[in-house]
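Listed below, chain by chain, are the residues.
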Amino acid sequence: MTRIVPRAFTTPDETAWVRAQVEALPANARVALHLHDGRRLVGVMMDRAQLQDVVDADGREGINALLRFNLPGSDAFAGGTGLTLWLHEVDHVEPLGPG
């Protein structure tokens, strides 16, 4: 099923960037996500980012990736709630190493 999202990556350069980001974000990695809105979120990637076929609000078809992120204090692995973000929300990722 195609999802409607705020941003669809459509050009060859954009889609190559998305695919590279998905490969660079391994499951269970401890990272800081620096978001375009200025927030810095520190936590653990719950699993590998999930590449999705999407459509933006203007009807352009492309791809984006869904990130499932576990913040400290939320036990998302035990059925609690984690944070779900789209890759277009992330400015850059800072690897943090073991916790």
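Our subject in this report is the structure included herewith. Since we're looking at a predicted model, the values are computed, not measured. (Residues numbered from 1 in each chain as written. Predicted model: local features only at pLDDT ≥ 70, side-chain atom pairs only at ≥ 80, totals over all residues. Heavy atoms only, no water.)

### Some points on the pattern of salt bridges
- Applying the stated rule across the entire model yields 6 salt bridges.
- A salt bridge links Glu14 to Arg7, with the shortest nitrogen-to-oxygen separation between them at 2.5 Å.
- Its relative accessible area of 23% is what places Glu14 among the partly exposed residues.
- Arg68 serves as the salt-bridge partner of Asp47, at 2.7 Å between the closest nitrogen and oxygen. Residue Asp47 is found in the loop between β3 (40-45) and β4 (50-56), and its partner Arg68 is found in strand β5 (residues 61-70); the two are separated by 21 residues along the sequence.
- Connected through shared salt-bridge partners, Asp56, Asp58 and Arg60 make up one network. (Salt bridge = Lys/Arg side-chain N within 4 Å of Asp/Glu carboxyl O. Buried < 20%, exposed > 50% of the residue type's maximum accessible area, 1.4 Å probe, protein only. Helix = DSSP H or I, 4+ residues; strand = E, 2+ residues; numbered from the N terminus.)

### Digging into the packing of aromatic side chains
- Counting across every chain of the model gives 1 aromatic pair.
- The interplanar angle of 45° and the centroid separation of 5.6 Å between the aromatic rings of Phe9 and Trp17 together place this pair among those described as tilted.
- A relative accessible area of 6% places Phe9 in the buried class.
- Taking relative accessible area as the criterion, Trp17 reaches 34% and is therefore assigned partly exposed. (Phe/Tyr/Trp six-rings, centres within 6.5 Å; stacked < 30°, edge-to-face > 60°.)

### Considerations on the nonpolar core
- Formed by 18 residues in total, the largest nonpolar core has its most connected members in Val18, Leu33 and Leu67.
- Every element with two or more residues in this core is listed here: α1 (12-24), β2 (30-35), β3 and β5.
- At 4 residues, β5 tops the list of elements feeding residues into this core.
- The contact partners of Val18, leaving out residues within four places of it in the chain, are Phe9, Leu51, Ile63, Asn64, Ala65 and Leu87. (Core = buried A, V, L, I, M, F, W, Y, C linked by side-chain atoms within 4.5 Å. Contact = heavy atoms within 4.5 Å.)

Any link to function would need more than the numbers given here.
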